[in-house]
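One-letter residues, chain by chain:
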Amino acid sequence: MNNHLVIMAGGVGSRFWPMSTPECPKQFIDVMGCGRTFIQLTLDRFKGIVPNENVWVVTSESYKDIVREQLPEIPVDHILLEPCRRNTAPCIAYVSWRIRKECPDANLVITPSDHMVVNITEFQRIISQALEFTSGNNAIVTLGMKPTRPETGYGYIERENSSQPTEFYRVAQFREKPNLETAKEYIQHPEFYWNSGIFVWNVQTIVSELSQHAADVAKVFDTLMPYLGTADEQAKVNELFPSCPSISIDYAVMEKAKDIYVCPADFGWSDVGTWGSLITLSEKDSDGNAAIGPRIELHECSNCIVHTSEERRVVLQGLDGYIVAEKDGTLLVCKLSEEQRIKEFSAQ
């Protein structure tokens, strides 16, 4: 009962425009056409590991009603609302100080709300082992995904060399998102993993690490502590949270902490950050096309991702390597090779 799950759900998913919009970003959309949104799938895979009453969601005020609608199983007062975006360190600090007040012995899993996992059984085995590992010590565990390609969109974790295989290796260092040449070099070495952004620790550990390495963040929540869990919480959070620096948990803690481990994992993971990553996860036809929608007809097309779930009929001919996506009257047709420009298009 000390296991708690924290789902970070404040992102706007701008690289998935027009399907994902600031009003309803990708974590709240059935991207895969399976009948469940990303945030619902995230909660689903923790069943049997964390009880619903120990699930927390950190999101923005704009998405409060969407979270309540899509996750009715979790306590309403466990939906924490950020008044503004300040990256992952203040987000994690807020929920950690709040949980510590309610359950000082809590063991936490921190996960984004918009990832995809294929092998749920292996995922649950890894998470359960990590929770057991951190419950008895002050270690931080991050899940490292075994790379399958020279990916430039992910950060990497380098573990220390060890002659003995184990489930948990000490982290040698975190590596920034590399260029293609460097990524090709990384995947030649078994000590390198993709940084999944999934963390496991006990609440006392993360509060201590943030207090030591990110004092300007910790100070805000020390000040908020008397108000957390009271009727005045939201008003005081709205007042003080914006004073937090915008800093990721990687910069604030992970790159400075001493007792940090990586748990190698291979359960079919993707952060589904782009249309290109979605095509790798979807079922494809013999020409490499992935189509999500009620009636999509492809003629002489190859290596395309088509997401048009609101259209009655879509007919495409002669496209190779394209994104075709429609939502709320907006149609995107873009080369997959140019998908990094989608944020630029959505801002216009």
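Use the structure listed above.
These remarks concern the structure in this document. Keep in mind that this is a model prediction, so the values were computed, not measured.

The computed volume of the largest pocket comes to approximately 1500 Å³. Considering the residues around the largest pocket, the lining is formed by 43 residues, among which Arg15, Asn87, Thr88, Pro112 and Lys177 are closest to the centre. For the lining of the largest pocket, the secondary-structure elements that each account for two or more residues are helix H3 (88–102), strand S8 (169–175), strand S9 (192–202) and helix H9 (249–254). Top contributing element to the lining of the largest pocket by residue count: S9, with four residues.

Side chains of Glu23, Glu310, Glu311 and Asp328 sit close together on the surface and give a patch of like negative charge. By secondary structure assignment, the location of Asp328 is in the loop between strand S16 (322–327) and strand S17 (330–335). Here Asp328 falls in the exposed class, since its relative accessible area comes to 58%.

So, about the nonpolar core. Counting residues in hydrophobic clusters, the biggest one holds 48 residues, and the most contacted among them are Trp97, Trp201, Phe221, Ile249, Val253 and Met254. For this core, the leading source of residues is H3, giving eight residues. Beyond its immediate chain neighbours, meaning those up to four positions away, Trp201 contacts Ile92, Asn107, Leu108, Ile110, Thr134, Ala139, Ile140, Ile206, Ile249 and Met254. Core analysis: the next-biggest nonpolar cluster, separate from the first, contains 43 residues, Ile49, Ala130, Ala139 and Ile198 among them.

This next bit is on the side chain of Gln27. When you line up the elements, Gln27 lands in the loop between strand S1 (3–8) and helix H1 (38–44). The class for Gln27 is buried, based on a relative accessible area of 2%. At 3.0 Å, the side chain of Gln27 forms a polar contact with the backbone oxygen of Ala9. For Gln27, the residues in contact, after removing those within four places along its chain, are Ala9, Gly10, Gly11, Thr37, Phe38, Ile39, Gln70, Ser113 and Asp114.

Looking at helix H6 (residues 203–213), one finds that the buried residues are Val203, Thr205, Ile206, Val207, Glu209 and Leu210. For H6, the elements touching its buried residues are H3, strand S4 (107–112), strand S6 (140–145), S9, helix H7 (215–224) and H9. Structurally, the start of H6 carries an N-cap: the backbone nitrogen of Gln204 is 3.2 Å from a side-chain oxygen of Asn202.

Judged by side-chain charge, Arg15, Arg85, Lys177 and Lys343 come together as a positively charged surface patch. Looking at the secondary structure, you find Lys177 in the loop between S8 and helix H5 (180–186). According to the relative accessible area criterion, Lys177 is exposed, its value standing at 57%.

Moving on, we come to the sheet that holds S16. Sheets are built from strands that pair by backbone hydrogen bonding, the pairs being arranged parallel or antiparallel. Pairing is mixed in the open sheet, where four strands are placed in the order S12-S14-S16-S17. Every other strand in the sheet has two partners, leaving strand S12 (290–292) and S17 as the edge strands with one partner each. Taken pair by pair, the neighbouring strands of this sheet meet at an average axis angle of 5°, ignoring direction. Of the pairings in the sheet, the one linking strand S14 (residues 305–307) to S16 comprises three bridges and is parallel in character.

This paragraph deals with the packing of aromatic side chains. According to the stated counting rule, one finds 16 aromatic pairs in the structure shown. Judged by centre distance (5.2 Å) and plane angle (85°), the ring pair of Phe46 and Phe123 falls under edge-to-face. In this pair, Phe46 is assigned in the loop between H1 and strand S2 (55–60) and Phe123 in helix H4 (residues 120–135), connecting sequence segments 77 residues apart. Looking at Phe46, the relative accessible area reads 1%, which means it is buried. A connected cluster of aromatic rings, assembled from ring pairs, spans Tyr94, Trp97, Phe221 and Phe241. Lying across the ring of Tyr169, Arg159 places its NZ or CZ 4.0 Å from the centre.

So, about unusual backbone geometry. Working note: non-glycine residues mostly have negative phi, and peptide bonds are mostly trans. Look at the link from Trp17 to Pro18: it is a cis peptide, with omega at 5°. Secondary-structure assignment places Pro18 in the loop between S1 and H1. In this structure, Asn87 is a non-glycine residue whose phi angle is positive, near 70°. Tracing the chain through its elements places Asn87 in the loop between strand S3 (79–82) and H3. The backbone of Asp328 shows a phi angle near 50°, a positive value even though the residue is not glycine.

Attention now moves to the pattern of salt bridges. Per the stated rule, a full pass over the model turns up 17 salt bridges. A salt bridge links Glu297 to Arg295, with the nearest nitrogen and oxygen atoms 3.5 Å apart. Residue Glu297 is classed as buried on the basis of its relative accessible area, which comes to 19%. Note on Arg295: relative accessible area 45%, which makes it partly exposed.

Quick notes on the rules
- Residues numbered from 1 in each chain as written.
- Predicted model: local features only at pLDDT ≥ 70, side-chain atom pairs only at ≥ 80, totals over all residues.
- Heavy atoms only, no water.
- 1 Å grid on protein atoms, 1.4 Å probe; cavity = no way out; pocket = protein on both sides within 12 Å on 5 of 7 lines; lining within 4 Å.
- Points joined across faces, edges and corners; volume = space filled by probe spheres on them.
- Helix = DSSP H or I, 4+ residues; strand = E, 2+ residues; numbered from the N terminus.
- Patch = residues over 30% accessible without salt bridge, like charges linked within 9 Å, V, L, I, M, F, W, Y side chains within 5 Å.
- Areas by Shrake-Rupley, 256 points an atom, 1.4 Å probe, with all protein chains shown as cover.
- Salt bridge = Lys/Arg side-chain N within 4 Å of Asp/Glu carboxyl O.
- Lys, Arg positive; Asp, Glu negative; His and termini not counted.
- Charge placed at Lys NZ, Arg CZ, Asp CG, Glu CD.
- Buried < 20%, exposed > 50% of the residue type's maximum accessible area, 1.4 Å probe, protein only.
- Core = buried A, V, L, I, M, F, W, Y, C linked by side-chain atoms within 4.5 Å.
- Contact = heavy atoms within 4.5 Å.
- Polar contact = N/O pair within 3.5 Å; in protein donor to acceptor, adjacent residues only side chain to side chain.
- Pairing = 2+ DSSP bridges.
- Axes fitted to C-alpha atoms, helices over the stretch in contact; angles between N-to-C directions.
- Phe/Tyr/Trp six-rings, centres within 6.5 Å; stacked < 30°, edge-to-face > 60°.
- Lys NZ or Arg CZ within 6 Å of the ring centre and 35° of its normal.

All quantities given are derived from atomic positions and should not be read as evidence of function.
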